[in-house]
Amino acid sequence: MTVELEVADGVGTLRLDRPPMNALDVATQDRLKELAEEATRREDVRAVVVYGGEKVFAAGADIKEMQVMDHAAMIARSRALQDSFTAVARIPKPVVAAVTGYALGGGCELALCADFRIAGENAKLGQPEILLGLIPGAGGTQRLSRLVGPSKAKDLIFTGRQVKADEALAIGLVDRVVPAAEVYEQAHAWAARLAKGPAIALRAAKEAIDTGLETDIETGLAVERNWFAGLFATEDRERGMRSFVEEGPGKAKFL
């Protein structure tokens, strides 16, 4: 299998495994979508880590596979390509990308689908599609510009240049830089911490933020308002408020 879902302590790890560079061919894309949807459904998965291994996150699409595809073939495939990445972005649970080595093209686009990105000091990220006479096709033009702003996104996409971990941190492309050997450990710890939180409230927070970024503020406020009121019907809300009153803040334990 090119992607595996490993579950432990409430954390599901979507592990890319297509040596040597985790090139994202059609089979890998389809498997990624399948397992992202499984992670969405499974109650024992409360947070997710996306990881490519110790040496490389994902170096991008399988160029040899793409080279033989013509216009008609890519019209037929492009929606499935985007859908495989969107399945990761729509996991209604906290998702962290653990980025080591190269995260280029589709690899960078996959990292953009996470809520949080932890990168190793050896990480290099970028959208080099322009060097092939293309543009990003798995969400890069949209998610990158929303994350780092249109000017910085255009710099990376227009030039196709790679950025090292320190620059990626400075522009907001990644959220934390750690020694390469600690990337997965720290990503798993972040996910495990959130896996102990109130699952419905975390889902509500993620949906409210993501929906708000895609629409006008009035619609976003309506989504927030509906989720906020709806959470008063949950056991987690009762548990959290009771614990606050009886024990003080930050001591509630959620199921």
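Since we're looking at a predicted model, the values are computed, not measured.

Engineer: Is there a simple way to explain a nonpolar patch on the surface in this structure?
Structural biologist: There is a patch of nonpolar side chains on the surface, built from I63, L132 and L134 and spanning about 260 Å² of accessible area. For I63, the position within the fold is in helix α2 (residues 63-67). Since its relative accessible area comes to 41%, I63 is described here as partly exposed.

Engineer: Mind showing me how you'd approach the environment of L81 here?
Structural biologist: Looking at the element boundaries, L81 is found in helix α3 (residues 71-89). Every residue in contact with L81, bar those within four places of it in the chain, is listed here: Q29, G137 and A138.

Engineer: Which parts of the structure should I look at to understand the state of the cysteines?
Structural biologist: Cysteine pairs can be covalently joined through their sulfur atoms, and such a bond is termed a disulfide. In this structure the tally under the stated criterion is 0 disulfides. Among the cysteines around C108, which has no disulfide bond, C113 carries the closest sulfur, lying 10 Å off. Assessed through its relative accessible area of 1%, C108 is described here as buried. Classification of C113 by relative accessible area gives buried; the value is 3%.

Engineer: Honestly, the packing of helix α9 (residues 199-213) against helix α10 (residues 217-230) in this entry has me stumped. Any pointers?
Structural biologist: Helix packing for two helices is described by the angle between their axes and how far apart those axes are. Between α9 and α10, whose axes approach to 8 Å, the crossing angle comes to 170 degrees. Our classification of the angle between α9 and α10 gives roughly antiparallel. For the pair α9 and α10, the contacting residues are I200, A204, E207, A208, T211 and G212 in the first and G220, V223, E224 and W227 in the second. Considered class by class, the residues forming the contact of α9 with α10 number 5 nonpolar, 3 polar and 2 charged.

Engineer: Even after reading the chapter, I still don't get the packing of aromatic side chains, so can you show me in this structure?
Structural biologist: Aromatic rings considered in pairs are described by the distance between their centres and by the relative angle of their planes. Under the defined criterion, the tally for this structure stands at 3 aromatic pairs. Relative to Y184, the ring of Y51 has its centre 4.7 Å away and its plane inclined at 35 degrees; by these criteria the two rings are tilted. Of this pair, Y51 sits in strand β3 (residues 47-51) while Y184 sits in helix α8 (residues 183-195), placing them 133 residues apart in sequence. Ring geometry for F228 against F232: centres 5.5 Å apart, planes inclined by 70 degrees, an arrangement best described as edge-to-face. The ring of Y184 has R15 lying over it, and the distance from NZ or CZ to the ring centre is 5.4 Å.

Engineer: Sorry if this is basic, but what is going on with the nonpolar core here?
Structural biologist: For soluble globular proteins, the rule of thumb is that nonpolar side chains tend to be buried together. Counting 45 residues, the largest nonpolar core has F57, L125 and L173 as its most contacted members. It is α3 that provides the largest number of residues to this core, a total of 5 residues. Here L173 is in contact with C108, L112, R117, L125, L144, L147, V148, L156, V163 and A168, once residues within four sequence places are set aside. Ranked by size, the runner-up nonpolar core spans 15 residues in total, among them I118, V178, A192 and A195.

Cut-offs applied
- Residues numbered from 1 in each chain as written.
- Predicted model: local features only at pLDDT ≥ 70, side-chain atom pairs only at ≥ 80, totals over all residues.
- Heavy atoms only, no water.
- Patch = residues over 30% accessible without salt bridge, like charges linked within 9 Å, V, L, I, M, F, W, Y side chains within 5 Å.
- Areas by Shrake-Rupley, 256 points an atom, 1.4 Å probe, with all protein chains shown as cover.
- Salt bridge = Lys/Arg side-chain N within 4 Å of Asp/Glu carboxyl O.
- Helix = DSSP H or I, 4+ residues; strand = E, 2+ residues; numbered from the N terminus.
- Buried < 20%, exposed > 50% of the residue type's maximum accessible area, 1.4 Å probe, protein only.
- Contact = heavy atoms within 4.5 Å.
- Disulfide = S-S within 2.5 Å.
- Axes fitted to C-alpha atoms, helices over the stretch in contact; angles between N-to-C directions.
- Parallel < 35°, antiparallel > 145°, perpendicular 65-115°, else oblique.
- Nonpolar A, V, L, I, M, F, W, Y, C, P; charged D, E, K, R; others polar.
- Phe/Tyr/Trp six-rings, centres within 6.5 Å; stacked < 30°, edge-to-face > 60°.
- Lys NZ or Arg CZ within 6 Å of the ring centre and 35° of its normal.
- Core = buried A, V, L, I, M, F, W, Y, C linked by side-chain atoms within 4.5 Å.

Read these as spatial facts, not as claims about activity.
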